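Next come the chains, spelled out residue by residue.
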Amino acid sequence: MPRGRRGSRVSALEGGREEEAPPAADAVPSVLWASGQQPEAAAEQILLRGIFEIGRDSCDVVLSERALKWQPIQPERPTGDSKCDFLRKEEFIELKDIFSVKLKRRYSVRQQNCGTLLGITLFICLRKEQNKLKDSTLDLINFSEDHCDTWFRQFQKILADFSNRPKSLKILLNPQSHKKEATQVYSEKVEPLLKIAGIKTDVTRSTNVLAHSLHGIPHVVTATLHIIMGHIQPVDVCTFSTTGKFIRFGFSAMFGFGGRALALAEKYRWMSPNQRMDFAIIKTLAKLKPEDCEIAFLPFNSSQDLEERSTEGSRKSDCNDQWQMTQGQFLNVSIMAIPCLCSVAPRGLAPNTRLNNGSMALIITRNTSRSEFIKHLKRYTSVKNQFNFPFVETYTVAEVKVHPRSNSSRHNPEEEDGPYETTSGKSFPWNIDGDLMEVASEVHVRVHPRLINLYGGRIEEMIPK
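Residues numbered from 1 in each chain as written. Predicted model: local features only at pLDDT ≥ 70, side-chain atom pairs only at ≥ 80, totals over all residues. Heavy atoms only, no water.

Brief notes about the overall build of the protein chain
Reasoning step 1: Per the secondary structure count, the protein chain includes nine helices and 20 strands.
Reasoning step 2: Burial analysis of the protein chain (465 residues in total) assigns 46% to the buried set.
Reasoning step 3: By sequence separation, contacts in the protein chain at least 24 residues apart represent 71% of the contacts at least 6 residues apart.
Reasoning step 4: Entry remark: accessible area of the protein chain is about 24500 Å², with carbon and sulfur atoms responsible for 50%. (Helix = DSSP H or I, 4+ residues; strand = E, 2+ residues; numbered from the N terminus. Buried < 20%, exposed > 50% of the residue type's maximum accessible area, 1.4 Å probe, protein only. Contact = heavy atoms within 4.5 Å. Areas by Shrake-Rupley, 256 points an atom, 1.4 Å probe, with all protein chains shown as cover.)

Pasting the structure below:
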């Protein structure tokens, strides 16, 4: 669908003089708009009806409470014409997929006013292949100022009624991520979309460990459109505490290999993030050593209503709850309330976990040979089951208590460059959401169902098939 007449220099931005139309949204053939199921044919109130040029056709356009529909106006045929009329299919877009509307104008160097009105541009969110969203545009061409103003104001009113969509955002940006191109990616792909949607932004520097799991795909435009469209996803959150003292909130944790590798990587901050993590993993594998610990866990009760569990807040576990216990030599212990999708684990570190089902995945890797442990790690990068080893155990739990019984992770003065040191020299290293946490005693992890709301896609679409 063309964005303007060929050769014209056009802006779809409202008011003010602009050089050209926003480059963020590419128009697509009109036939794609009608993909999917049309809104139900129940009687809907018609808000507006008029004629616009869409593509190269003059169309009868109807704006109802839920959708914008249009159909090319067919010329009348002479009576007795043997040729059958070819009726073009009515096309539509649902109003919930529109995230911005602008007046479309053409500007010239000589013009001192707001330019020549061409019509209205709708900015639309399209669902492409699995999990991926794409921004696009639909141009409604009509040169009448009064006609376009009426429609423009109606679209603005409709968009204002989507109360779940943000009006302002504080952007957390990690300048070291994406090969240190995060700032450029934000400026070129994210910021233009936010400006089109009229969202005010304030940028600060940080990182977001949830992004891949929330959107199901490492695609910056998809993540941005989820925010713009106000797609809200309730997410489970874990609390970490020790000896009755709260430590922090989080979504995933690793103890043993995962914790020691991060502790070593933190000593080489002068390296790039990827380099120091690769170096730390190799060195920790070279000195692979298990942890002697005791693990108690409360199995997940799927029959209990999530809302009931959420309203219970931070109650202590009932004495009648059936805690289970295991102990021994463990190379790694993972506790995850989200799938933890990432580039090195496309299925997720915990692929059977969901974002908000009120449970955590407890993954225990018992002591084994270095070669077998490496095979287990390599499975994360493939589609094979990484848990299909005799030394790996998985549980679906609501609470976990990890009590270390050895000093293997503590400071060893004979290993000045060893992977088992921590800053304090007296604590065990934990990797919580990529942050290093040092704890000297038992850690109690508990999941809180749907504790926070974040921007993201629907739960059933998150895990790649």
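Details of helix α6 (residues 257-265)
Reasoning step 1: Within α6, nine of the nine residues are buried, which leaves the element mostly enclosed by the surrounding structure.
Reasoning step 2: Buried within α6 we find F257, G258, G259, R260, A261, L262, A263, L264 and A265.

Observations regarding the pattern of salt bridges
For side chains of opposite charge, pairing can occur when their charged atoms come near one another.
Reasoning step 1: What the rule picks out here adds up to 13 salt bridges.
Reasoning step 2: For the salt bridge of R105 with E145, the shortest nitrogen-to-oxygen distance reads 3.7 Å. One end of the pair, R105, is in strand β6 (residues 98-106); the other, E145, is in helix α1 (residues 145-160), and 40 residues separate them in sequence. (Salt bridge = Lys/Arg side-chain N within 4 Å of Asp/Glu carboxyl O.)

Let's talk about the confidence of the model for the protein chain
Reasoning step 1: Chain-level pLDDT for the protein chain is 80 on average; 74% of the residues reach the 70-or-more range.
Reasoning step 2: Across residues 409-424, confidence stays below pLDDT 50; counting only partners more than four residues off in sequence or on other chains, it has 45 contacts.
Reasoning step 3: Across residues 459-465 the pLDDT falls below 50, and counting only partners more than four positions away or on other chains, this stretch makes 26 contacts in the model. (pLDDT = per-residue confidence, 0-100.)

A short note on unusual backbone geometry
Trans is the common state for peptide bonds, and a negative phi is the common state for residues other than glycine.
Reasoning step 1: Positive phi, normally seen in glycine, also occurs at T243, with a value near 45°.
Reasoning step 2: Relative accessible area serves as the criterion here: at 69%, T243 is assigned to the exposed category.
Reasoning step 3: Despite not being glycine, R450 has its phi angle at roughly 50°, a positive value.
Reasoning step 4: Note that R450 resides in strand β20 (residues 443-455).

Topic: the packing of aromatic side chains
Reasoning step 1: What the rule picks out here adds up to twelve aromatic pairs.
Reasoning step 2: Judged by centre distance (4.5 Å) and plane angle (35°), the rings of F297 and Y395 are tilted. Here Y395 lies in strand β17 (residues 392-404) and F297 lies in strand β14 (residues 291-299), a separation of 98 residues in the sequence.
Reasoning step 3: Its relative accessible area of 27% is what places Y395 among the partly exposed residues.
Reasoning step 4: Between Y380 and F387, the ring centres sit 6.4 Å apart and the planes meet at 85°, which makes this aromatic pair edge-to-face.
Reasoning step 5: Taking the relative accessible area as the measure of exposure, F387 reaches 13% and is therefore buried.
Reasoning step 6: An aromatic cluster is built from F52, W151 and F155, whose rings are joined through pairwise contacts.
Reasoning step 7: The ring of W323 has K401 lying over it, and the distance from NZ or CZ to the ring centre is 4.8 Å. (Phe/Tyr/Trp six-rings, centres within 6.5 Å; stacked < 30°, edge-to-face > 60°. Lys NZ or Arg CZ within 6 Å of the ring centre and 35° of its normal.)

Considerations on the environment of V439
Reasoning step 1: Examined against the element boundaries, V439 turns out to sit in strand β19 (residues 435-439).
Reasoning step 2: Among residues more than four places away in sequence, those in contact with V439 are T242, I247, S427, F428 and W430.

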